[in-house]
Amino acid sequence: GTSPVPVGLGMLNQDGHPMFAPNSNWMVTDTYPDSDDRQHLYLYELQSSSLVEVADLHANPAFVRDTKCDLHPRFDRTGALVAVDTTCHGNRQCMILDVSRVTGS
């Protein structure tokens, strides 16, 4: 069998919700809200070990416990788009981000 290999060692130091892009070397992940109520969305390129912040979204503090909203990023089938759940506009929404300039998809 294969042994686990750390990803983003020294760069990805927080728990998040990672997903690997289909047919690519990219991974998307998020962070939980920080002390300024900001949630960060990152793309990480596995071959070069490069980290790119692609979004910094306000986590509305009115949404707590049962209504809290993690970004839960997910790629589309091409790796060009990432969908996230967000409360940055004051209600729960799904936002689609075009990340094709970063991923080259």
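It should be noted that the structure appears before, not after, this text.
All figures in this text were calculated on a predicted structure; none of them were measured in a lab. (Residues numbered from 1 in each chain as written. Predicted model: local features only at pLDDT ≥ 70, side-chain atom pairs only at ≥ 80, totals over all residues. Heavy atoms only, no water.)

K.L.:
Explain the nonpolar core residue by residue, including any values.
P.N.:
Membership of the largest hydrophobic core comes to 14 residues, with the highest contact counts inside it found for Leu41, Phe75, Val82 and Val84. For this core, the secondary-structure elements that each account for two or more residues are β2 (26-30), β3 (38-45), β4 (50-58), β6 (81-86) and β7 (93-98). (Core = buried A, V, L, I, M, F, W, Y, C linked by side-chain atoms within 4.5 Å. Buried < 20%, exposed > 50% of the residue type's maximum accessible area, 1.4 Å probe, protein only. Helix = DSSP H or I, 4+ residues; strand = E, 2+ residues; numbered from the N terminus.)

K.L.:
Could you give me a rundown of the pairing of β7, with the residues and numbers involved?
P.N.:
Strand direction decides the pairing type here: β6 and β7, joined by six bridges, are antiparallel. In the sheet register, valine 84 faces β7, and the bridge partner there is methionine 95. Between the end of β6 and the start of β7, which pair antiparallel, lie six residues, with glycine 90 showing a positive phi angle near 95 degrees. (Pairing = 2+ DSSP bridges.)

K.L.:
Could you give me a rundown of a nonpolar patch on the surface, with the residues and numbers involved?
P.N.:
A surface patch of nonpolar side chains, amounting to about 230 Å² of accessible area, comprises Val7, Phe20 and Leu46. Examined against the element boundaries, leucine 46 turns out to sit in the loop between β3 and β4. (Patch = residues over 30% accessible without salt bridge, like charges linked within 9 Å, V, L, I, M, F, W, Y side chains within 5 Å. Areas by Shrake-Rupley, 256 points an atom, 1.4 Å probe, with all protein chains shown as cover. Salt bridge = Lys/Arg side-chain N within 4 Å of Asp/Glu carboxyl O.)

K.L.:
Please set out the environment of proline 73 residue by residue, giving values where relevant.
P.N.:
Assignment of secondary structure puts proline 73 in the loop between β4 and β5 (74-75). Given the relative accessible area of 6%, proline 73 is considered buried. Those residues in contact with proline 73 that sit more than four places away from it in its chain are His17, Met19, Val28, Thr29, Asp30, Leu41, Val82, Ala83 and Val84. (Contact = heavy atoms within 4.5 Å.)

K.L.:
So what about the sheet that holds strand β1 (residues 19-20)? Which residues, and what values?
P.N.:
Across a sheet, strands are paired by hydrogen bonds formed along the backbone, either parallel or antiparallel in direction. An order of β1-β2-β3-β4 is seen for the four strands of this open sheet, with the pairing classed as antiparallel. Where the open sheet ends on each side, the last strands, each with one partner, are β1 and β4. Two elements, β1 and β2, share two bridges in a ladder whose sense is antiparallel. Bridging across to β2, methionine 19 finds its partner in valine 28.

K.L.:
Please set out the layout of surface pockets residue by residue, giving values where relevant.
P.N.:
In this structure, the largest pocket occupies an estimated 160 Å³ of space. Every residue along the wall of the largest pocket is listed here: Met11, Leu12, Asn13, Gln14, Asp15, Gly16, Pro18, Met27, Thr29, Asp30, Thr31 and Tyr42. (1 Å grid on protein atoms, 1.4 Å probe; cavity = no way out; pocket = protein on both sides within 12 Å on 5 of 7 lines; lining within 4 Å. Points joined across faces, edges and corners; volume = space filled by probe spheres on them.)

K.L.:
Describe the environment of glycine 90, listing the residues and the values that go with them.
P.N.:
Mapped onto the elements, glycine 90 comes out in the loop between β6 and β7. On the basis of relative accessibility, which here comes to 41%, the residue glycine 90 falls in the partly exposed class. Placed 31 residues apart in sequence, glycine 90 and alanine 59 show a C-alpha to C-alpha distance of 8.9 Å. Those residues in contact with glycine 90, other than ones at most four positions away along the chain, are Asn60 and Phe63.

K.L.:
Break down the pattern of salt bridges for me, citing the residues and quoting the values.
P.N.:
Going through the model one piece at a time under the given rule, you end up with three salt bridges. Residue aspartate 70 is joined to lysine 68 by a salt bridge in which the shortest nitrogen-to-oxygen separation is 3.0 Å. The partner of arginine 74 in a salt bridge is aspartate 85, with the nearest N and O atoms 2.9 Å apart. Linking arginine 74 in strand β5 with aspartate 85 in strand β6, this pair joins segments that are eleven residues apart in sequence.

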